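Structural description and commentary
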Amino acid sequence: MDEPQLRIYLAGNVALERGDVLVPETRLPGNQGRLAFALLAWERSNALSTDHIADVLWDGAPPASWGTALRAIVSKLRGLLNEAGTTGTIEHAFGCYQLRLPHDTWVDIEAASSAAHDAEVALREGSLPAANGAALVANAIARRPFLEGVDRPWVHQRRALLRDIQVRALSCRAEVAFAAGDHLGATGDAKRIIALEPLREQACVILMRAHVHAGNSAEA
């Protein structure tokens, strides 16, 4: 019998889920715990130096006792991985930490990025249903707030990456709607893109095209 897949959620509420076991955000050690886990999970392909992690957690001004505080945070996160019943762990070697997860682990932000790519490929290949389906997945994940209440440069950069994924997904969805003759749908998605990225030229073009084909020349 296959073991339950570990699922990690970073967008929206941070959580770990494995089968019928859920480790909710409230189990993480405060905002620093949420941030540390998100950092390790988002950059899990790399070993992160303790100095880098401390710089992110304490916004470039770690306290004198930051080493002890960081070890305490990591210890609690390791405990939560155990609570989820996974073999994943946070390894420490040569002054670096790295989150090691089972090979089949599903991480929401990775799924969103992959879905946005799949949507763009399907759109280029003319597979409109596949493009729309993948775009819906990417948008549903990327639109969720990331680490609400946490104000750090690293967090702002990741929010920008999620916003870009959402824009790509909405652009694909708008193109699908446009191709299907759904000018109202294309208009709505174009307006959503402009609300996210006011200077996004592609969205303005889609919006103008939709207005023209809907007979709204003045709006175009």
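Residues numbered from 1 in each chain as written. Predicted model: local features only at pLDDT ≥ 70, side-chain atom pairs only at ≥ 80, totals over all residues. Heavy atoms only, no water.

1. Here we look at the overall build of the protein chain
Helix and strand content of the protein chain: 8 helices and 7 strands. Along the three orthogonal principal directions, the C-alpha set of the protein chain runs to about 65 × 50 × 30 Å. Taking all 220 residues of the protein chain together, the buried fraction comes to 42%. Across the protein chain, every contact between residues at least 6 apart in sequence was considered, and the portion connecting residues at least 24 apart equals 57%. Carbon and sulfur atoms provide 52% of the accessible area of the protein chain, an area that totals close to 11,100 Å². (Helix = DSSP H or I, 4+ residues; strand = E, 2+ residues; numbered from the N terminus. Buried < 20%, exposed > 50% of the residue type's maximum accessible area, 1.4 Å probe, protein only. Contact = heavy atoms within 4.5 Å. Areas by Shrake-Rupley, 256 points an atom, 1.4 Å probe, with all protein chains shown as cover.)

2. Considering the sheet that holds strand S6 (residues 96-100)
Reading across from one edge, S4-S6-S5 is the order of the 3 strands in this open sheet, with antiparallel pairing throughout. Because the sheet does not close on itself, it has two edges, and the strands there are strand S4 (48-49) and strand S5 (89-93). Judged from the 5 bridges that link them, S5 and S6 form a sheet pairing that is antiparallel. Looking at S6, one finds that Ile-90 is bridged to Leu-99. Sheet strands touched by helix H1 (residues 30-42): S4, S5 and S6. Its angle to S6, the strand with the most contacts, is close to 75°. (Pairing = 2+ DSSP bridges. Axes fitted to C-alpha atoms, helices over the stretch in contact; angles between N-to-C directions.)

3. Quick word on the packing of H1 against helix H6 (residues 153-179)
Between H1 and H6, whose axes approach to 12 Å, the crossing angle comes to 55°. Here H6 runs oblique to H1, going by the angle between their axes. You can see that H1 and H6 cross each other, and the crossing is left-handed. Every residue of H6 that contacts H1 at Leu-35, Ala-38, Leu-39 and Trp-42 is listed here: Trp-154, Val-155, Arg-158, Leu-161 and Leu-162. (Parallel < 35°, antiparallel > 145°, perpendicular 65-115°, else oblique. Left-handed = near helix turned anticlockwise from the far one by under 90°.)

That is the geometry; function is a separate question.
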